[in-house]
Amino acid sequence: MLDGTTAEIRERQALRINPAKTCQPIGAMYAALGINGCMPHSHGSQGCCAYHRSHLTRHYKEPVAATTSSFTEGASVFGGLANLQQALENIFTIYKPKIVAVHTTCLSEVIGDDIPMIIERARREGKIKPDQLVMHTNTPSFVGSHVTGFSNQCASTIKYFSESSGETKNVVNLFPGWVEPADMREIKRMAKEMGIEFILFPDTSGVLDTGHTGHYEMYPAGGTTLEQIKAMGDSFQTIAMGPLASKAAAEELEKKCNVPSRLLELPIGLSNTDAFVNAMRLAGQVPVPASIEEERSRLIDMMSDMAQYMHDKKVAIFGDPDQVTALTQFLVEMDMKPVIAVTGTPGKAFEAKIKEICAEKCPEVEARAYSDVHFLHQWIKNNPVDLLIGNGFGKFVAKAEGNIPFVRFGFPIMDRVGHRAFSTIGYTGAMRLIEQITNAFFDYRDRNDPDEKIELVL
Amino acid sequence: MSDEATDSPQAHEGLVPSAAEAREQMLEIYPKKTRRKREKQMLVNDPGSPGEIGANSRTVPGIITQRGCSYAGCKGVVIGPIYDILHITHGPIGCGWYSWLSRRNMTRIRKAGETNFLQYSMSTDMQEEQIVFGGEKKLALAIQEAYDEFHPKAISIYATCPVGLIGDDIHKVCREMKQKLGINIFGFSCEGYKGVSQSAGHHIANNGVFKHMIGLDDTPVEGKYKINILGEYNIGGDAWEIDRILALCGIKIIGTLSGGVSYDDITNCHMADLNVVMCHRSINYMAEMMEKKFGIPWFKVNFIGINGTKKSLRKIAKYFGDKELIDRVEEVIAKEMSEVRPVVEDVKTRTSGKTAALFVGGSRAHHYQDLFEDMGMKVISAGYEFAHRDDYEGRDVLPHIKMDADTRNIEELEVEQDPARFNLRGTADRKAALQSEEFSFSDYEGMMRQMGKDTLVIDDISHHEMEKLIEIYKPDVIGSGIKDKYIIEKMGVPCKQLHSYDYGGPYAGFKGAINFYKEIDRMTSTKVWKYIHAPWHDAAPAAEAAAAPEPVNA
Ligand code: SF4
Ligand code: SF4
């Protein structure tokens, strides 16, 4: 497995090996699917759209509908105006969405297609009707990563549709960031439990985790509705989770509709969930209900029960910045040692944040942004770890290093089903993380220890 | 009261519209221009004289299509599986990422110390700076870094969408680096906008493999019967099953293009005496070019399904013409069939009369019809994702296919006879001697001649047409790809992924056929679809009352 990888680390300037990020449009597609009745549209050649749909489908094991401008060589030379206009006519006639969310690809970015102009012209020429909504976001893949695309789609949606009527409502906007549908469900459950009025945006629950009824719905019931998106401009506060994924949207709403925002880490683990609950408490001026207190205490109970198995264990972690920083925080809370944290997404803030989180527990932590899984792997070869946490690609590294305990976390996971169904957000999600982490250790021992060391009881 | 009358198959059949009506219902919704285009790609089949299908034409923008791009066809399908070439995608990160381990080209390294580069994704991860100022320098440096890191025997570069537009000359960089590093380095201009589907990428890949790899190593190969298998990508281990069978027969495979193959196999594969072609669409160019240059004849085979496998083995044996081989092949067939027969007989008792529809790729939608036939199932509709007219109507239409702008842009290599190496082992003469009515070379009869009359042939099926098809026919199983899988299954129809095999397989050859029969049997008889209705929705009120529990203490 990965036999060409050696322990000798060379600094590379040009070659990415086994990336820890992908391109912007897939993030835009995912975020757009969190809008009710929305058809994501990829403006470029059809390969990008095919790749993004396949990838999301494999991760969620759910249908992912999206359309493409199907550029050919001609469109690449003369621009994609005709393609986009024809696409919009077809989409509204055949697939009847409430809204089409156009995002760009490398190709249309390099050509320099002016999407708002194309939409505007289609409208003027009657090719799209006044009630047929179209929005756009620019998602150049040579900037940022898939998380940037998610963030851009969210911010653009607000720019297009949120409005303030002048009357502020007693509603909190919750921006969940790029998390799983199950996580979005969990955020909604917690907010309901807290008794606050809220709008969650985007919301892929009920879109990418639908049930089986024997019928296919191109636009399932889930997703933030356009009315809600509009109404977000009247909310009195936004709680934005995951700085990279949600900050731009929060700022846009603040700028456009004057809704102040509070920026939090993703509510993964104890203190990040505490911060989320506290933010809801303050925003809604509500007491924290006994049910949430109980959830919290159950988490603490499990942390104390399992502490001995996690204490000082060395962990390597890779993935998207918001996820990795939040989870690293939790690892530290459990007295584990995050020794290396890697993301493919560019941005030095990641490195600083990881160092800050680990300052006490593991000051020697290796933190790398705009890096890759190959680097992480080489580093592990030099500095063996007890646990690897990352997306599905991590399994190759885990196997190459003698099947080190491995917990799948992040995007994408194409070889398991749990991530879509079971949340890792909030107190209960944190319990699930503990279960997964300790199981990884126990399974490793049960598989590898000699008979005399196999124990029935923990 | 019983619903039997409407549930019986006869009554059901009475309600099912004809293929022509179904076609009309699918087309109804389209705007005029789109309809005109789609009409040409949807035909009611007449196997006696296949109609002209508008294949290999552009997908209408806005239509949800299965198709991907030229890069996917080139890197993803044809070259990507060569395990000991170091593959670098030149472009922003996405394309390289999505083609990382996402096709199930199974691979074993040949000897310790080798690296299977399929486990790696390498890319120049282009940033804005390269988009503005050009990416050639970064590409050259990336090649250097790859060389320093892995010391591969060859490096291959793939261009993605922006590369052509910003004007990077990847071939120049490859030439320079080849000279500098002294290993084989070559590039593919397979930008995603080329052509109308993956198909353009296949052609570009064939050209590159032919130019840069074929014929480099003249080392003679031991073995009496030496062949190459072209267009077999070892998804789920198909190529290994074919290897197994041919080895039993005493036939040596030099190169399988390109499933599980090594760079050395490819450079040496012109030492074969015959090319047999599995996936006609993706590799017919190579078969033609190798014949022109080296005089190695080719014919089409199909190792999917028992009849196809038997026919193919017998034809190969007949080509070599040795009694020893002909007998050996019969022995192998007899022995293997003794294992297959009981399974297919058993499965057939449950699958006979069931229906299937297949929409996939450029050859599988045809090949897999054999397996369904074996099981007594009927294929009611089929179509390719990116095939050409010859894959539907047969190669005899080739002279009549009009060249359009999208195809004209794909280079057609000028190939000449190799003066020193043409017909070295008398293969061209053997072909001349054999060629007759019963023994055809360079042949492919296409899908439509094999399909039933009044079935529906749909090229590049759209999402809408798929939904309609299920509504109208509710087939018992559909063979398709990952993007459709869960759409189909939400409608209560099992979907077999025929690109990835749903992580199963192999399905080729005899053992593969057994796997496939069992898999389709499982899928068409699974209980899971019956659980959709909760019991309380079905129960009549009277029955509910009768079933009410007695109070325990009464
Ligand atoms: S990197 Fe660019 S060309 Fe490649 S898939 Fe992403 S948007 Fe498409
Ligand atoms: S078998 Fe199908 S998927 Fe494979 S290359 Fe041929 S056409 Fe493509």
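This is a predicted model, so every value here is computed, not measured.

Quick notes on the rules
Residues numbered from 1 in each chain as written. Chains lettered and ligands numbered in written order. Predicted model: local features only at pLDDT ≥ 70, side-chain atom pairs only at ≥ 80, totals over all residues. Heavy atoms only, no water. Domains from an automatic or database assignment. Contact = heavy atoms within 4.5 Å. Buried area = accessible area lost by both parts, 1.4 Å probe. Salt bridge = Lys/Arg side-chain N within 4 Å of Asp/Glu carboxyl O. Polar contact = N/O pair within 3.5 Å; in protein donor to acceptor, adjacent residues only side chain to side chain. Helix = DSSP H or I, 4+ residues; strand = E, 2+ residues; numbered from the N terminus. Nonpolar A, V, L, I, M, F, W, Y, C, P; charged D, E, K, R; others polar. Pairing = 2+ DSSP bridges. Axes fitted to C-alpha atoms, helices over the stretch in contact; angles between N-to-C directions. Core = buried A, V, L, I, M, F, W, Y, C linked by side-chain atoms within 4.5 Å. Buried < 20%, exposed > 50% of the residue type's maximum accessible area, 1.4 Å probe, protein only.

Let us now look at the domain arrangement of chain A. All names here are of chain A. As far as domains go, chain A holds domain 1 (24–161), domain 2 (169–293) and domain 3 (306–453). On the domain 3 side, the residues contacting the 27 residues of domain 2 number 26 residues. When the buried area of domain 2 at its contact with domain 3 is split by residue, W178, E180 and I268 rank highest and sum to 25% of it. The interface formed by domain 2 and domain 3 holds one salt bridge in total. Among the salt bridges present, the one from E265 reaches K353, with a minimum N-O distance of 2.6 Å. Between the two partners, domain 2 and domain 3, sit 13 residue pairs in polar contact (both at pLDDT 80 or more). Contributing elements (two or more residues each) for the side of domain 2 that touches domain 3: α8 (181–194), α10 (243–257) and α11 (270–284). In terms of residue class, the side of domain 2 that touches domain 3 is made up of 15 nonpolar, five polar and seven charged.

Quick look at the domain arrangement of chain B now. By a widely used convention, the size of an interface equals the accessible area lost when the partners come together. Residues and elements named next belong to chain B. Per the domain assignment, the segments making up chain B are domain 1 (2–63 + 448–499), domain 2 (70–212) and domain 3 (225–350 + 397–434). Computed over C-alpha atoms only, the centres of domain 1 and domain 3 are separated by 32 Å. Carbon and sulfur atoms supply 21% of the area buried between domain 1 and domain 3, which totals about 280 Å² over both sides. When residues of domain 1 are sorted by the area they lose upon contact with domain 3, N56, R58 and H499 head the list and together hold 87% of the total. Summed over the shared surface of domain 1 and domain 3, the result is one salt bridge. Two residues, R58 and D406, come together in a salt bridge whose shortest N-O distance is 2.7 Å. Inspection of the region where domain 1 meets domain 3 yields one residue pair in polar contact (both at pLDDT 80 or more). Broken down by class, the residue content of the side of domain 1 that touches domain 3 amounts to no nonpolar, two polar and two charged.

All names here are of chain B. Strand order in this open sheet of four strands is β7-β6-β8-β9, and the pairing throughout is parallel. At either margin of the open sheet sits one strand with a lone partner, and together these are β7 (251–258) and β9 (298–300). Taken over all neighbouring pairs, the strand axes of this sheet differ in orientation by 25° on average, direction set aside. For strand β6 (residues 225–232) and β7, the ladder comprises six bridges, and the chain directions are parallel. The residue bridging I229 from the neighbouring strand is T256, located in β7. Here helix α14 (residues 280–294) sits on the sheet in contact with β6, β7, β8 (274–277) and β9, set at roughly 140° to β6.

What follows deals with the nonpolar core. Core analysis: the largest hydrophobic core is formed by 202 residues, its most contacted members being L174, I239, L388, I389 and I437 of chain A together with I143 of chain B. Ranked by residue count, the leading element in this core is helix α18 (residues 426–448) of chain A, at nine residues. Not counting chain neighbours up to four residues away, the residues in contact with L174 of chain A comprise I187, A191, F198, I199, L200, F201, I239, M241 and F276 of chain A. Of all hydrophobic cores here, the second largest spans 68 residues; its members include C249, M278, A387 and A508 of chain B.

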